[in-house]
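Chain by chain, the residues run as shown.
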Amino acid sequence: MIREEGLDAIWDGRYYSGSDLVRCASAGCSGCSACCHFTSDTIILDPLDVMRLEKASGSSFLELLEADRIQLSVTDGLILPHIRMKETPSGGEGGCPWLTEEGRCGIHAYRPDLCRLFPLGRVWNEDGTFRYILQKDACVRPGKSKVEVNKWLGLTTKEKVEDDRIFHERWHGLLVKMRRKMALLETDQQRSALSLYLLRNFYERRWIADEARFYRQFSIRCNQAGDGLEGV
Ligand code: SF4
Ligand code: SF4
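These figures come from a predicted structure and were not determined experimentally.

Some words on the site of ligand 1
Next, step 1: The environment of ligand 1 is made up of Cys-29, Cys-32, Ser-33, Ala-34, Cys-35, Phe-118, Cys-139, Val-140 and Arg-141.
Next, step 2: When its residues are assigned to classes, the shell around ligand 1 shows seven nonpolar, one polar and one charged.

Printed below as a string of structure tokens:
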């Protein structure tokens, strides 16, 4: 997620739709891996990311936490997981735990949404829809060519575009509602219970490791969560 504030410093001044062409395609990263280092806690994971990581690694969400591949942190009042960068021998921050020795993504087909997007970002409109932006100079490789945004994201059919749009809009909408609800709660105990609800139902509880079925399952869990947040 890219925050609107501070946008001026990082974007090229244009919004893109999925069908727009954007100059972001490097001709293969060739072991560069610059954007897979020093990301701190910024590669925040959504439920689809976690389903994909579970599938790629054969480990559950809790096992990935125990193995220090992911970590929890508080983002705008909600506890959410992110990829945990490896530590260097001197205790500094190293690269992503899924980066291979050759400097390539070891889970390319299953990489998280924010990695798929890079160097694009998603920004949110007031009505809960989104547009894409290009983070200028974020990718260090010169000489990029133009590519359709949807193609860059691997959304190669109308169905995939639609599933992806609905998923991201519903997930964003749920987080917005959760944050509103959180602001209305009076005690730490209540806030903690709401955060745990999100973690347990959308991360810890296993997803069916199949994208088409995931979207259906996600929709059901979203409806259940939304019912409890009605009026917020
Ligand atoms: S910075 Fe650009 S070229 Fe380097 S790994 Fe990331 S996307 Fe590839
Ligand atoms: S998941 Fe892959 S693309 Fe994303 S930071 Fe890790 S190595 Fe890089």
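Structural notes on the packing of helix H5 (residues 158-184) against helix H6 (residues 188-204)
How two helices pack is summed up by the angle between their axes together with the distance between the axes.
Next, step 1: Packing of H5 against H6 leaves a shortest axis separation of 10 Å and a crossing angle of 160°. When the axes of H5 and H6 are compared, the pair comes out roughly antiparallel. Note that H5 runs across H6; the crossing there is right-handed. Counting all contacts with H5, which are made through Trp-171, Leu-174, Leu-175, Met-178, Lys-181 and Met-182, the residues of H6 involved are Arg-191, Leu-194, Ser-195, Tyr-197, Leu-198, Phe-202 and Tyr-203.
Next, step 2: Residues belonging to the contact of H5 with H6 are distributed by class as follows: 10 nonpolar, one polar and two charged.

So, the pairing of strand E3 (residues 78-83)
Working note: regular strand, side chains alternate between the two faces of the sheet.
Next, step 1: Judged by how many residues are buried, E3 sits mostly within the fold: five of six residues are covered.
Next, step 2: Counting the residues between successive antiparallel strands, the hairpin from strand E2 (residues 70-75) to E3 contains two residues, one of them, Asp-76, with a positive phi of roughly 50°.

Concerning unusual backbone geometry
Next, step 1: In this structure, Pro-119 follows Phe-118 across a cis peptide bond, with omega equal to 5°.
Next, step 2: Although it is not a glycine, Asp-68 sits at a positive phi angle of roughly 60°.
Next, step 3: With a phi close to 65°, Asp-137 is a non-glycine residue in the positive phi region.
Next, step 4: With respect to the helices, strands and loops of the structure, Asp-137 is situated in the loop between strand E5 (130-134) and strand E6 (145-148).
Next, step 5: Note on Asp-137: relative accessible area 71%, which makes it exposed.

A short note on the packing of aromatic side chains
Next, step 1: For the structure on display, the rule yields 16 aromatic pairs.
Next, step 2: Taken together, a centroid distance of 6.0 Å and an interplanar angle of 80° make the contact between Trp-171 and Tyr-203 edge-to-face. Linking Trp-171 in helix H5 with Tyr-203 in helix H6, this pair joins segments that are 32 residues apart in sequence.
Next, step 3: Through a chain of ring-to-ring contacts, the aromatic side chains of Phe-61, Phe-167, Trp-171, Phe-202, Tyr-203, Trp-207, Phe-214, Tyr-215 and Phe-218 assemble into a single cluster.

Considerations on the site of ligand 2
Next, step 1: For ligand 2, the full set of nearby residues is Cys-36, Ile-43, Ile-83, Cys-96, Leu-99, Cys-105, Ile-107, Pro-112 and Cys-115.
Next, step 2: Grouping the amino acids of the shell around ligand 2 by side-chain chemistry returns nine nonpolar, no polar and no charged.

Rules used in this analysis
Residues numbered from 1 in each chain as written. Chains lettered and ligands numbered in written order. Predicted model: local features only at pLDDT ≥ 70, side-chain atom pairs only at ≥ 80, totals over all residues. Heavy atoms only, no water. Near = heavy atom within 4 Å. Nonpolar A, V, L, I, M, F, W, Y, C, P; charged D, E, K, R; others polar. Axes fitted to C-alpha atoms, helices over the stretch in contact; angles between N-to-C directions. Helix = DSSP H or I, 4+ residues; strand = E, 2+ residues; numbered from the N terminus. Parallel < 35°, antiparallel > 145°, perpendicular 65-115°, else oblique. Left-handed = near helix turned anticlockwise from the far one by under 90°. Contact = heavy atoms within 4.5 Å. Buried < 20%, exposed > 50% of the residue type's maximum accessible area, 1.4 Å probe, protein only. Pairing = 2+ DSSP bridges. Phe/Tyr/Trp six-rings, centres within 6.5 Å; stacked < 30°, edge-to-face > 60°.

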